[in-house]
Amino acid sequence: MFAVLFIILAAICKAFADTIAHHKGGSLPKLLPKYAKYFDMQIQGEFLPFTKYPLDGWHVANSGMIGFFLLAVGGIYIVLGSIGFILAFNLFYNKILK
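All values reported here derive from a predicted model rather than from experimental measurement. (Residues numbered from 1 in each chain as written. Predicted model: local features only at pLDDT ≥ 70, side-chain atom pairs only at ≥ 80, totals over all residues. Heavy atoms only, no water.)

1. Observations regarding helix 4 (residues 76-96)
For step 1, the next point in the chain: Between its first and last C-alpha, helix 4 extends 29 Å over 21 residues, near the 30 Å set by a 1.5 Å rise per residue.
For step 2, the next point in the chain: Taken as a whole, helix 4 has its buried residues at V79, S82, I86, N90 and N94. Down the axis of helix 4, the sector holding all buried residues measures 70°, keeping them to one side. Residues of helix 4 that are exposed and angled more than 90 degrees away from the buried face: Y77, L80, F85 and K95.
For step 3, the next point in the chain: Those residues of helix 4 that are buried are in contact with helix 3 (57-74). (Helix = DSSP H or I, 4+ residues; strand = E, 2+ residues; numbered from the N terminus. Expected span 1.5 Å × (residues − 1). Buried < 20%, exposed > 50% of the residue type's maximum accessible area, 1.4 Å probe, protein only. Arc of directions from axis to C-beta. Contact = heavy atoms within 4.5 Å.)

Below, the structure written as structure tokens:
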């Protein structure tokens, strides 16, 4: 039962990410004008402290999608694994392999 809910939430997160990437945020900047800068892929925004993980709408939405998929198949332990995945990816992408 919860797996279906998590898959639906993953789809919603992916829709957010693709709307930000392909339609400049669509109606999101108008609905949330205070956070409009997070829906623009051209603006370099803030980063998660001590990492180079960008805190923009596209990255957060895709991370949410991955987390919900992992919740659907394995529960909270896999969510912790997804956090580890994101941290390892950023370490290698931004530091080691650059």
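2. As for the packing of aromatic side chains
For step 1, the next point in the chain: This structure, assessed with the given rule, holds three aromatic pairs.
For step 2, the next point in the chain: Each ring, one from F2 and one from F6, has its centre 6.3 Å from the other, and the planes form 25°; the classification is stacked. One end of the pair is F2 and the other is F6, both in helix 1 (residues 2-22) and four residues apart, which spans about a single turn.
For step 3, the next point in the chain: Residue classification places F2 among the exposed positions, given a relative accessible area of 60%.
For step 4, the next point in the chain: Here the aromatic residues F2, F6 and F68 are joined through ring pairs into a cluster of three or more. (Phe/Tyr/Trp six-rings, centres within 6.5 Å; stacked < 30°, edge-to-face > 60°.)

3. Regarding the environment of F68
For step 1, the next point in the chain: Considering the arrangement of structural elements, one finds F68 in helix 3.
For step 2, the next point in the chain: It is 8.8 Å that separates the C-alpha atoms of F68 and C13, two residues lying 55 residues apart in sequence.
For step 3, the next point in the chain: Leave out the neighbours within four places in its chain, and F68 touches F6, L9, A10 and C13.

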